[in-house]
Amino acid sequence: INEIRPSCIVADHSPTAIFANKFLNFPLIISGNGFTAPPAENPFRLFQYWRFNPNEDSIRFEAQVAEILNAAASRISSDVPVFEHPSELFNGDQRWLMTFREFDSYGPRPGCEDYVGTFAQRDFGEDFVWPSARGPRVFAYLSKTRGLEYLAEWARLNEVSLCLYGKEVPRNLLDRFDAERTYFAPRPVRLANVFDAADLAITNGSANTVANFALAGIPQFALPQSVENLMESRRLEILGCGLMANLGDREKFMGGLNALIANGDYRRSARKFKRKYEDESYATATERMYNRLMEF
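An account of the accompanying structure is given in this report. Just so it is clear, the model here is predicted, and its values are computed rather than measured.

**Section: the overall build of the protein chain**
And then number 1: Regarding its fold elements, the protein chain presents 10 helices and 10 strands.
And then number 2: With the C-alpha coordinates aligned to their principal axes, the bounding extent of the protein chain is approximately 70 × 45 × 35 Å.
And then number 3: Going through the 296 residues of the protein chain one by one, you find that 47% of them count as buried.
And then number 4: Long-range pairs, those at least 24 residues apart, make up 63% of the contacts in the protein chain with a sequence separation of at least 6.

**Some thoughts on unusual backbone geometry**
And then number 1: The amide bond that connects Asn 42 to the next residue, Pro 43, takes the cis arrangement and shows omega of 0°.
And then number 2: Among the secondary structure elements, Pro 43 is positioned in the loop between β2 (28-32) and α2 (56-76).
And then number 3: Backbone geometry at His 13 places phi at a positive 55°, although glycine is not the residue there.
And then number 4: With respect to the secondary-structure elements, His 13 resides in the loop between β1 (9-12) and α1 (15-24).
And then number 5: The backbone of Asn 25 sits at a positive phi, close to 65°, despite the residue not being glycine.

**Topic: a nonpolar patch on the surface**
And then number 1: A grouping of Val 10, Tyr 290, Leu 293, Met 294 and Phe 296 is seen on the molecular surface, where their side chains present a nonpolar patch of about 480 Å² in accessible area.
And then number 2: Mapping Leu 293 onto the fold places it in helix α10 (residues 282-293).
And then number 3: With a relative accessible area of 30%, Leu 293 lands in the partly exposed category.

**As for the environment of Pro 136**
And then number 1: Structurally, Pro 136 is set in the loop between β4 (114-115) and β5 (137-142).
And then number 2: With relative accessibility at 17%, the residue Pro 136 sits in the buried group.
And then number 3: In this structure the C-alpha to C-alpha distance between Pro 136 and Arg 51, which are 85 residues apart in sequence, comes to 36 Å.
And then number 4: Beyond its immediate stretch of four places on either side in the chain, Pro 136 contacts Asn 158, Val 160, Ser 161, Asp 199 and Ile 261.

**Description of the nonpolar core**
And then number 1: Leu 151, Leu 162, Ile 202 and Phe 221 are the most contacted members of the largest nonpolar core, which totals 28 residues.
And then number 2: Those elements that provide at least two residues to this core are β5, α3 (148-157), β6 (161-166), α4 (171-174), β8 (200-203) and α8 (250-262).
And then number 3: No other element matches α3, which puts six residues into this core.
And then number 4: For Leu 151, the residues in contact, after removing those within four places along its chain, are Ala 140, Leu 142, Leu 162, Phe 177, Ile 202 and Phe 253.
And then number 5: Formed by 18 residues, the second largest nonpolar core is a distinct cluster that contains Val 210, Leu 236, Tyr 277 and Met 289.

**Some thoughts on the sheet that holds β5**
And then number 1: Pairing within the open sheet is parallel, and its six strands lie in the order β7-β6-β5-β8-β9-β10. What marks the edges here is a single partner per strand, and that holds for β7 (182-184) and β10 (242-244). Pairs of neighbouring strands in the sheet enclose a mean axial angle of 15°, with direction left out of account.
And then number 2: Here β6 pairs with β7 via three bridges, running parallel.

**Quick look at the packing of aromatic side chains**
And then number 1: Scanning all chains against the criterion turns up 20 aromatic pairs.
And then number 2: Consider the rings of Phe 195 and Phe 213, whose centres lie 5.4 Å apart with planes at 85°: the pair is edge-to-face. You can see Phe 195 sitting in helix α5 (residues 191-195) and its partner Phe 213 sitting in helix α6 (residues 207-215), a full 18 residues away along the chain.
And then number 3: The interplanar angle of 90° and the centroid separation of 5.4 Å between the aromatic rings of Phe 221 and Phe 253 together place this pair among those described as edge-to-face. Of this pair, Phe 221 sits in strand β9 (residues 220-222) while Phe 253 sits in helix α8; the two residues are 32 residues apart in sequence, bridging distant segments of the chain.
And then number 4: The lysine or arginine in question, Arg 45, covers the ring of Tyr 49, its NZ or CZ lying 6.0 Å from the ring centre.

**Quick notes on α10**
And then number 1: For α10, with 12 residues, the first-to-last C-alpha span of 17 Å sits near the 16 Å given by 1.5 Å per residue.
And then number 2: The N-cap of α10, judged by a side-chain oxygen 3.3 Å from the amide nitrogen of Ala 283 a few residues on, is Ser 281.

**So, the pattern of salt bridges**
And then number 1: As enumerated under the stated definition, the model contains 19 salt bridges in all.
And then number 2: Measuring nitrogen to oxygen at the nearest pair gives 2.9 Å for the salt bridge that ties Arg 45 to Glu 41.
And then number 3: You can call Arg 45 partly exposed: its relative accessible area is 21%.
And then number 4: A salt bridge links Arg 292 to Glu 295, with the nearest nitrogen and oxygen atoms 3.2 Å apart.
And then number 5: For Arg 292, a relative accessible area of 21% puts it in the partly exposed group.
And then number 6: With relative accessibility at 53%, the residue Glu 295 sits in the exposed group.

Rules used throughout
- Residues numbered from 1 in each chain as written.
- Predicted model: local features only at pLDDT ≥ 70, side-chain atom pairs only at ≥ 80, totals over all residues.
- Heavy atoms only, no water.
- Helix = DSSP H or I, 4+ residues; strand = E, 2+ residues; numbered from the N terminus.
- Buried < 20%, exposed > 50% of the residue type's maximum accessible area, 1.4 Å probe, protein only.
- Contact = heavy atoms within 4.5 Å.
- Patch = residues over 30% accessible without salt bridge, like charges linked within 9 Å, V, L, I, M, F, W, Y side chains within 5 Å.
- Areas by Shrake-Rupley, 256 points an atom, 1.4 Å probe, with all protein chains shown as cover.
- Salt bridge = Lys/Arg side-chain N within 4 Å of Asp/Glu carboxyl O.
- Core = buried A, V, L, I, M, F, W, Y, C linked by side-chain atoms within 4.5 Å.
- Pairing = 2+ DSSP bridges.
- Axes fitted to C-alpha atoms, helices over the stretch in contact; angles between N-to-C directions.
- Phe/Tyr/Trp six-rings, centres within 6.5 Å; stacked < 30°, edge-to-face > 60°.
- Lys NZ or Arg CZ within 6 Å of the ring centre and 35° of its normal.
- Expected span 1.5 Å × (residues − 1).
- Polar contact = N/O pair within 3.5 Å; in protein donor to acceptor, adjacent residues only side chain to side chain.

Following this line, the structure appears as structure tokens:
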């Protein structure tokens, strides 16, 4: 970094680069999707902050992290302020949260945060044709195969036109789907085809996916695979744009999908979110970041 002598550093989930800059003092922008740029609070919020408050164990762990940071810093230079708490690592000249306030993993934050948003490229991916079917059009983007047997059963019962993009789905699971009413996408599909026509999206609740289907006004069924997915999916439920379920619970899986199709409130909430941000786009987000960069 010192050899490059940058006018600015944009650190997107880069704690080591942020730490290094404590010795260099270049202008620093801390960027992230919300989860990777947590509120700079002492003590930190726990991941499931709506269920648990910071406790003796978490506070002691944070103190240990501060000790490690200070020990590492002392081996490099004696001219670095002591870390009182690891949250100080996330203090930059600017912070860009690449999400929307409503989908911030950590919920409401103190102070004024710069929410840049996240916008998918509609022309990304390959064209496809939705299968003919009497039921709703459903797009499923799942990184794991668990739960696909329930999806196959539900899709058959509801005569769903399904576009399924998954990674390495086994043949025994593919055979459970109605081949005439299912398009198995071998590669990412053109998002415009999905955003303009889908009645429902099924995802694992990743930050960008959740936000962009809400921007398209499409209700969602989230199947979280990680604590980050869980935090995002909870925001989805709070906003009223969708539901989430445990992959191992067949009744909640089937019931959640039925509720999302039958209850128009989820679609109305998603469309309300879409209207709120209809004047924002990839271009406006890029312009906002450019203008912020020019402040240095």
